[in-house]
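Below are the chains, spelled out letter by letter.
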Amino acid sequence: MIGIIYLGKNPQTEERLKYIPGRLVQLTKNYKEAATACAPHVRNEHFIVFFEKNVRNEDITAITYLRKKCTNIYIILLTDQLSDEERSLYQKCGINDTLRLSATVTELNKKIQFISDRESIMFDDQVSKKHILRFKIPLWKRLFDIVFSGLGIIVLSPIFIITAIAIKLESPGPVLFKSKRVGTNYTIFDFLKFRSMYTDAEKRLKEVSQTAGNQYAEKPEEHVEEKNATITAPLGDEAELAMLSMGLESDMMIGDEEVMLVGDDFIVAESDYSKQKEEEINNAFVKIENDPRVTKVGRFIRKYSIDELPQLFNILKGDMSIVGNRPLPLYEAEKLTVDSSIDRFMAPAGLTGLWQVEERGKGGMMSAEERKQLDITYGRTYNFILDMKIIFRTLTAFIQKENV
């Protein structure tokens, strides 16, 4: 069970904490006493420290000391007012959360229960980290990646040089393109490619995606009715108006048929809202057909997958593997955080993978759901033999008829 410590001198707060059901609260008057109280004893323990705001400089000294001595604590600052500058300072020195000084017993108990229910992810120590599910690349796969990528960089160095010169001659800008990608365990890293687009390409993504077409997106006419389902009519009930002004989201019934969701500036049927969210997930992968932003050199190096070669340095560094699930841009990965999508990130991130070799024969045309399921399948079944098959099929299929 999580321990509770109070660091402060407010009799009213002490009294309220005494009435927390099923919890024994340790009352301390100074930070050294609190550090002694939260030190793990016979077994590994976690502690919630309710820290009452006092003099800023003294508070920062105390919080910094607690953080240095105890890694097993979650610090909640009790205060009724914080300036922007103070908020930044307190966060930097180690505050996890804030709660108003006059919080009721019920509010205090709810906060404690919320943290207790999420103990394995709320505490930044080795005790809790060992319970978090994380993928770790097997030794055989990492050794293979180092050898393969190292040899690849040496053998392909003439192509690296020729490609770099060609890119520089055609258009101004850097030879390499770096973008933030999300790989294994949702880790963000700098993803390397030879630049195949003009330098302002990313700024024009929204405009081009509307005019050139996203091959993964569902056709707009299929969901015209769904997109028009949001209603912005005013509410007649004072309670509902109060919810809107407070920015709260709530449910209400229209007769006995439909649940309506109420937000800041909208009312929408729950079924329509679910369909819209599903559509956002299905259209997470953005890929433009016949993209006019691509340079002439870019079209050539894309056709023969030469633009991907700098990722050998990502592999050598350990950001990704030779075979795995394609690392996604941030705007795509953020739409794949639901339970049904998480498994694709609990697997190696790779230069090539199962969906690439399975779908290239179909011209690269496939739905986002098909791609996601192939990623999940690889993550659950990958082994050395499967990796070798994927590499062989990639090498024999890299000359593509379609610009995928």
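This text follows the structure it describes.
For clarity, every value in this text was computed on a predicted model and none was experimentally measured.

Asker: Mind showing me how you'd approach the overall build of the protein here?
Answerer: Tallying secondary structure elements over the protein gives 19 helices and 13 strands in all. Put simply, the protein has 404 residues, and 43% of those count as buried. Relative to all contacts within the protein whose residues are 6 or more apart in sequence, the contacts with residues 24 or more apart total 68%. Total accessible area on the protein is roughly 23,200 Å²; 56% of this is exposed by carbon and sulfur atoms.

Asker: Mind showing me how you'd approach the packing of helix H9 (residues 157-170) against helix H14 (residues 296-303) here?
Answerer: Each pair of packed helices gets described by two things: the angle between the helix axes and the distance between those axes. Two elements in contact, H9 and H14, have axes separated by 9 Å at closest approach and are oriented at 150°. By the criterion of interaxial angle, the relationship of H9 to H14 is roughly antiparallel. Note on element contacts: H14 touches H9 through Lys296, Val297, Gly298 and Ile301, opposite Thr163, Ala166, Ile167 and Glu170. Taken together, the residues of the contact of H9 with H14 sort by class into 4 nonpolar, 2 polar and 2 charged.

Asker: Help me out: how do you make sense of the pattern of salt bridges in this one?
Answerer: Two side chains that carry opposite charge are able to pair once their charged atoms sit near each other. This structure, assessed with the given rule, holds 13 salt bridges. Here Lys53 makes a salt bridge to Glu86, at a shortest N to O gap of 3.6 Å. Highlighted residues: Lys53 in the loop between strand E3 (47-52) and helix H3 (56-69) and Glu86 in helix H4 (residues 84-93), separated in sequence by 33 residues. Judged by its relative accessible area of 15%, Glu86 is buried. Residue Arg56 is joined to Glu85 by a salt bridge in which the shortest nitrogen-to-oxygen separation is 3.8 Å. Placement of the pair is Arg56 in helix H3 and Glu85 in helix H4, with a sequence separation of 29 residues.

Asker: So what exactly am I meant to see when it comes to the packing of H3 against H4 here?
Answerer: At a minimum axis distance of 9 Å, the contact between H3 and H4 shows a crossing angle of 20°. It follows that H3 is roughly parallel to H4 by the angle criterion. In this structure, H3 meets H4 at a crossing whose hand is right-handed. Contacts between H3 and H4 involve Arg56, Asp59, Ile60, Ile63, Thr64 and Arg67 on the former and, on the latter, Glu85, Glu86, Leu89, Tyr90 and Cys93. Grouping the constituent residues of the contact of H3 with H4 by class yields 5 nonpolar, 1 polar and 5 charged.

Asker: How should I be thinking about the pairing of E3 in this particular structure?
Answerer: Side chains on a regular strand alternate between the two faces of the sheet. Burial analysis of E3 places 6 of its 6 residues in the buried class, the great majority of the element. A two-sided burial pattern is seen for E3, the buried positions comprising Phe47, Val49 and Phe51 on one face and Ile48, Phe50 and Glu52 on the other. The sheet contact formed by strand E1 (residues 3-7) and E3 spans 5 bridges and is parallel. If you follow Leu7 over to E3, its bridge partner there is Phe51.

Asker: Would you take a moment to explain empty space enclosed by the protein for this structure?
Answerer: In this approach a probe as big as a water molecule rolls over the atoms, and the regions it shows empty are the leftover space. With the rule as written, the count across this model stands at 1 cavity of 30 Å³ or more. The calculated volume of the largest cavity comes to roughly 30 Å³. Every residue lining the largest cavity is listed: Val182, Gly183, Thr184, Asn325, Arg326, Pro327, Arg344, Phe345, Ala347, Pro348 and Ala349.

Asker: Please clarify how the sheet that holds E3 should be interpreted in this entry.
Answerer: By way of backbone hydrogen bonds, the strands of a sheet pair with one another, either parallel or antiparallel. Ordered in space as E2-E1-E3-E4-E5, the 5 strands form an open sheet in which the pairing is parallel. Edge positions in the sheet fall to strand E2 (25-28) and strand E5 (97-99), since each has one partner strand and no second. The sheet shows a mean angle of 25° between the axes of neighbouring strands, direction not considered. On top of the sheet, helix H5 (residues 105-117) reaches E1, E3, strand E4 (73-78) and E5; it is set at about 140° to E3, its chief contact.

Asker: Help me out: how do you make sense of the sheet that holds strand E12 (residues 328-329) in this one?
Answerer: Taken together, 3 strands build an open sheet; the order of strands is E7-E6-E12 and the sheet is antiparallel. Pairing within the sheet leaves two strands with one partner each, and these edge strands are strand E7 (188-194) and E12. Two strands pair when backbone bridges link them, and strand E6 (residues 176-182) and E7 are joined in this way by 7 bridges, in the antiparallel orientation. Its bridge partner being in E7, Val182 is matched across the sheet by Ile188.

Asker: What is the right way to read helix H18 (residues 368-381) from this model?
Answerer: A turn of α-helix holds 3.6 residues, and therefore any two residues three or four places apart point the same way. Taking 1.5 Å of rise per residue, 14 residues should cover 20 Å, and H18 covers 20 Å from first to last C-alpha, within 8% of that figure. Burial in H18 covers these residues: Ala368, Arg371, Lys372, Leu374, Asp375, Ile376, Tyr378 and Gly379.

Asker: Quick question: what am I supposed to make of the nonpolar core here?
Answerer: Soluble globular proteins: nonpolar side chains tend toward being buried together. One finds Phe194, Tyr378 and Ile390 to be the most contacted residues of the largest nonpolar core, which totals 27 residues. Contributing elements (two or more residues each) for this core: H9, E7, H14, helix H15 (311-317), strand E11 (321-323), helix H17 (354-359), H18 and helix H19 (384-396). Aside from chain neighbours lying at most four places away, what touches Phe194 is Phe160, Thr163, Ala164, Ile167, Val175, Leu176, Ile301, Ile306, Asp307, Leu309 and Pro310. Counting residues in hydrophobic clusters, the runner-up holds 20 residues, among them Leu7, Val49, Ala62 and Leu66.

Rules used in this analysis
Residues numbered from 1 in each chain as written. Predicted model: local features only at pLDDT ≥ 70, side-chain atom pairs only at ≥ 80, totals over all residues. Heavy atoms only, no water. Helix = DSSP H or I, 4+ residues; strand = E, 2+ residues; numbered from the N terminus. Buried < 20%, exposed > 50% of the residue type's maximum accessible area, 1.4 Å probe, protein only. Contact = heavy atoms within 4.5 Å. Areas by Shrake-Rupley, 256 points an atom, 1.4 Å probe, with all protein chains shown as cover. Axes fitted to C-alpha atoms, helices over the stretch in contact; angles between N-to-C directions. Parallel < 35°, antiparallel > 145°, perpendicular 65-115°, else oblique. Nonpolar A, V, L, I, M, F, W, Y, C, P; charged D, E, K, R; others polar. Salt bridge = Lys/Arg side-chain N within 4 Å of Asp/Glu carboxyl O. Left-handed = near helix turned anticlockwise from the far one by under 90°. Pairing = 2+ DSSP bridges. 1 Å grid on protein atoms, 1.4 Å probe; cavity = no way out; pocket = protein on both sides within 12 Å on 5 of 7 lines; lining within 4 Å. Points joined across faces, edges and corners; volume = space filled by probe spheres on them. Expected span 1.5 Å × (residues − 1). Core = buried A, V, L, I, M, F, W, Y, C linked by side-chain atoms within 4.5 Å.

Fair warning: the whole summary comes from geometry, so function is off the table for now.
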